[in-house]
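Residue-level listing of the chains:
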Amino acid sequence: MKPELLSPAGTRKAMQYAYAFGADAVYAGQPRYSLRVRENEFNKLEVMAEAVEEAHRLGKKFYIASNIAPHNLKVRSYLKNMEPVIDMKPDALIMSDPGLIMMVRERWPDVPIHLSVQANAVNYATVKFWQKFGLTRIILSRELSIKEVAEIQEECPDMELEVFVHGALCIAYSGRCLLSGYMNHRDSNQGNCTNACRWDYKVNEAVQTLEGDIVLKNPPPPKSQQQLPIVDQVFLLEEPQRPGEYMPAYEDEHGTYIMNSKDLRAVQHVKTFSDMGISSLKIEGRTKSFFYAARTAQVYRKAIDDAAAGIEFNDNLLEMLDSLSNRGYTEGFFQRHASESMQNYEHGRSMANQQQFVGDIIDRDEDGLIVDVKNKFGLNDELELMTPAGNTVFQLKALLDKKSASVDVAPGSGHVVKIPISENQLEDSAGQLSDYDQQFALLMKSVRTPAQTSLA
């Protein structure tokens, strides 16, 4: 049986694109009780209710995350706030706090509950513990190797297991990070992570005093502040938006404390997880765009289907994920790697290495595709038309503005242009698109010369 493909949905549009490109289910955050709440379009309960209904019409599943570590104030109001959410009939709640899980179990015993990755399940005994409390699925911690995942599956064959295969990695155990709260009092465990681990820090060489304080080495400290041989070298970090505020950073036998992890990419392990019987493969990214939802769903759908059909893994799937903005990719903890292979020491922002999302196909007339431009593209660019029916690479030979006049460039966001189908040799692909395929068609531009590939 194929594993479920589970995609993120920070917006209803992202949900729709994820379903169109192959996701079996999506997950979204409950207002006030989930992580990433500040980026959550579903803060309006009526929007979430409509999305759940739409998912069920499509024969898809919709999970609602209710996974913060709540303080007393939120516990007191929890059951009251849950009532309209339960009435939506989501396919499961994603939860991490034992107290809230107990409360839901007592009030709504038939509601399926999935244990959030925030609960840090890293062994089979933990899985069996939660199974006794009636949970239907365990989302395993990201800190497990493939061997450990297989051992848990073997020990717990009658429990659904879910594994993250793509997206951002945290500097702490699967998201339980205190750095954001320490740096600017925005608690990531309450849904307010500011990604402080990815900020640009200036390193200032420092020394440790006899009293144990970390101070700047330049200017030279007083004689009383002598360096102790506790660590080989210590530094003070300074973030550009907080000049003059220094934070000690050094490495001891336990490791380093400020990290900017590369993004997880495990599409090459889909067959392994499928063969061992993993129930769900999960993509991270509730703050990401609808293009991200579409591209990741398309690639991982292809990997899952190929694995089920016994088709050898296609390396082009790795390259297709390079079209997404990313911080570099890593296999995370699934395989043993040198530490530097998991960390990005050069930049904290996401970058696209092969392609750039440049347009959303919003309509079609008799002879062309109408494009809502997102980024600049022009004549002779190599473009890729991405649809649920398949992808087509072509060189742009003709381009019209909204008045049907020939132009050389689509300048960028805010512009609408038309791509003539015949002049760009798209008759066999774009010309035959169904209304459904056209509704979700996207346009990308090569930013370096990739191999000529097509995903049919």
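Use the structure listed above.
Bear in mind the structure is a predicted one, so any value in this text is a computation, not a measurement. (Residues numbered from 1 in each chain as written. Predicted model: local features only at pLDDT ≥ 70, side-chain atom pairs only at ≥ 80, totals over all residues. Heavy atoms only, no water.)

Caption draft 1: Region of the structure containing the overall build of the chain. Across its full length, the chain carries 11 helices and 23 strands. Across the 456 residues that make up the chain, the buried fraction comes to 51%. Accessible area for the chain stands at about 21,700 Å²; split by element, carbon and sulfur atoms hold 48% of it. (Helix = DSSP H or I, 4+ residues; strand = E, 2+ residues; numbered from the N terminus. Buried < 20%, exposed > 50% of the residue type's maximum accessible area, 1.4 Å probe, protein only. Areas by Shrake-Rupley, 256 points an atom, 1.4 Å probe, with all protein chains shown as cover.)

Caption draft 2: Highlighting the environment of Gly431. Mapped onto the elements of the fold, Gly431 is located in the loop between strand 22 (416-420) and helix 11 (435-439). Here Gly431 falls in the partly exposed class, since its relative accessible area comes to 34%. Here the alpha-carbon distance between Gly431 and Pro420, two residues 11 residues apart in the chain, equals 10.0 Å. With near-sequence residues (within four places) excluded, Gly431 lies in contact with Arg364, Ile421 and Leu426. (Contact = heavy atoms within 4.5 Å.)

Caption draft 3: Up close: empty space enclosed by the protein. Throughout the structure, instances matching the rule amount to 2 cavities of 30 Å³ or more. Of the pockets and cavities examined, the second largest cavity occupies roughly 80 Å³. In terms of lining residues, the second largest cavity is bounded by 14 residues, among which Ser141, Arg142, Val163, Phe164 and Phe334 are the most central. The element that contributes the greatest number of residues to the lining of the second largest cavity is strand 7 (residues 160-167), accounting for 3 residues. The residue makeup of the lining of the second largest cavity, split by class, is 9 nonpolar, 2 polar and 3 charged. (1 Å grid on protein atoms, 1.4 Å probe; cavity = no way out; pocket = protein on both sides within 12 Å on 5 of 7 lines; lining within 4 Å. Points joined across faces, edges and corners; volume = space filled by probe spheres on them. Nonpolar A, V, L, I, M, F, W, Y, C, P; charged D, E, K, R; others polar.)

Caption draft 4: Quick peek at helix 3 (residues 72-87). The largest bend in helix 3 comes to about 50 degrees, at Tyr78. If you follow the buried residues of helix 3, they end up packed against helix 2 (45-57), strand 3 (61-66), strand 4 (92-95) and helix 4 (98-107). (Bend = angle between axes of the 7 residues up to and from the residue.)

Caption draft 5: Summary view of the packing of aromatic side chains. One pass over the full model with this rule turns up 11 aromatic pairs. A ring pair is formed by Tyr33 and Tyr78, whose centres lie 4.9 Å apart and whose planes are at 80 degrees; its orientation type is edge-to-face. Linking Tyr33 in the loop between strand 2 (25-29) and helix 2 with Tyr78 in helix 3, this pair joins segments that are 45 residues apart in sequence. Here the two residues Tyr33 and Tyr78 agree in accessibility, since each one is buried. Relative to Phe62, the ring of Phe42 has its centre 5.9 Å away and its plane inclined at 85 degrees; by these criteria the two rings are edge-to-face. Of this pair, Phe42 sits in the loop between strand 2 and helix 2 while Phe62 sits in strand 3, and the two are 20 residues apart along the sequence. (Phe/Tyr/Trp six-rings, centres within 6.5 Å; stacked < 30°, edge-to-face > 60°.)

Caption draft 6: Quick peek at the sheet that holds strand 22. Taken in spatial order, the 7 strands of this open sheet run 19-18-23-15-16-22-20, and their pairing is antiparallel. A single partner strand is all that each edge strand has here, and the edge strands are strand 19 (390-395) and strand 20 (400-401). Bridge count between strand 15 (residues 355-364) and strand 23 (residues 442-446): 5 bridges; the pairing is antiparallel. Counted as the bridge partner of Phe357 is Met444 from strand 23. Against the sheet, helix 9 (residues 290-308) contacts strand 15, strand 18 (382-387), strand 19 and strand 23, and its axis sits at roughly 80 degrees relative to strand 18. (Pairing = 2+ DSSP bridges. Axes fitted to C-alpha atoms, helices over the stretch in contact; angles between N-to-C directions.)

Caption draft 7: Broad picture of the side chain of Gln438. In this structure, Gln438 sits in helix 11. Among all residues touching Gln438, those that are not within four sequence positions of it are Ile361, Ile362, Asp363, Arg364 and Leu433.

Caption draft 8: The arrangement of the pattern of salt bridges in detail. Under the counting rule described, the total for this entry stands at 21 salt bridges. The partner of Glu53 in a salt bridge is Arg57, with the nearest N and O atoms 3.9 Å apart. Residue Glu53 and its partner Arg57 are both found in helix 2; the two are separated by 4 residues, about one turn of the helix. The shortest N-O distance in the salt bridge between Arg295 and Glu384 comes to 3.2 Å. Taken together, the positions of Arg295 in helix 9 and Glu384 in strand 18 put the pair 89 residues apart, joining distant regions of the chain. Owing to a relative accessible area of 4%, Glu384 belongs among the buried residues under this scheme. Here the salt bridges do not stand alone but share partners, grouping Glu4, Arg137, Glu160, Glu162 and Lys282 into one network. (Salt bridge = Lys/Arg side-chain N within 4 Å of Asp/Glu carboxyl O.)

Caption draft 9: Structural context of the packing of helix 1 (residues 12-20) against helix 9. Here helix 1 crosses helix 9 at 20 degrees, and the two axes come no closer than 8 Å. The angle between the axes of helix 1 and helix 9 places the two elements in the roughly parallel class. In this structure, the crossing between helix 1 and helix 9 has a hand that is right-handed. Of the residues in helix 9, those touching helix 1 at Lys13, Ala14, Tyr17 and Ala18 are Phe290, Ala293, Ala294 and Ala297. Residue composition of the contact of helix 1 with helix 9, by class: 7 nonpolar, no polar and 1 charged. (Parallel < 35°, antiparallel > 145°, perpendicular 65-115°, else oblique. Left-handed = near helix turned anticlockwise from the far one by under 90°.)

Caption draft 10: Representation of the nonpolar core. Core analysis: the biggest nonpolar cluster contains 94 residues, and Phe62, Leu93, Ile138, Leu140, Phe273 and Tyr300 have the highest contact counts within it. Per element, the largest residue contribution to this core is 10 residues, and it comes from helix 9. Beyond its immediate chain neighbours, meaning those up to four positions away, Ile138 contacts Leu115, Ala121, Val127, Trp130, Met159, Glu160, Leu161 and Glu162. Ranked by size, the runner-up nonpolar core spans 20 residues in total, among them Phe377, Phe394, Ala441 and Leu443. (Core = buried A, V, L, I, M, F, W, Y, C linked by side-chain atoms within 4.5 Å.)

Caption draft 11: Structural detail: the packing of helix 1 against helix 2. The contact between helix 1 and helix 2 brings their axes to 11 Å, and the two run at 10 degrees. One way to sum up the angle between helix 1 and helix 2 is to call them roughly parallel. Taken together, the residues of helix 2 that come into contact with helix 1 (itself represented by Arg12, Met15, Gln16 and Tyr19) are Glu50, Ala51, Glu54 and Ala55. When grouped by side-chain class, the residues that make up the contact of helix 1 with helix 2 number 4 nonpolar, 1 polar and 3 charged.

By themselves these figures say nothing about function.
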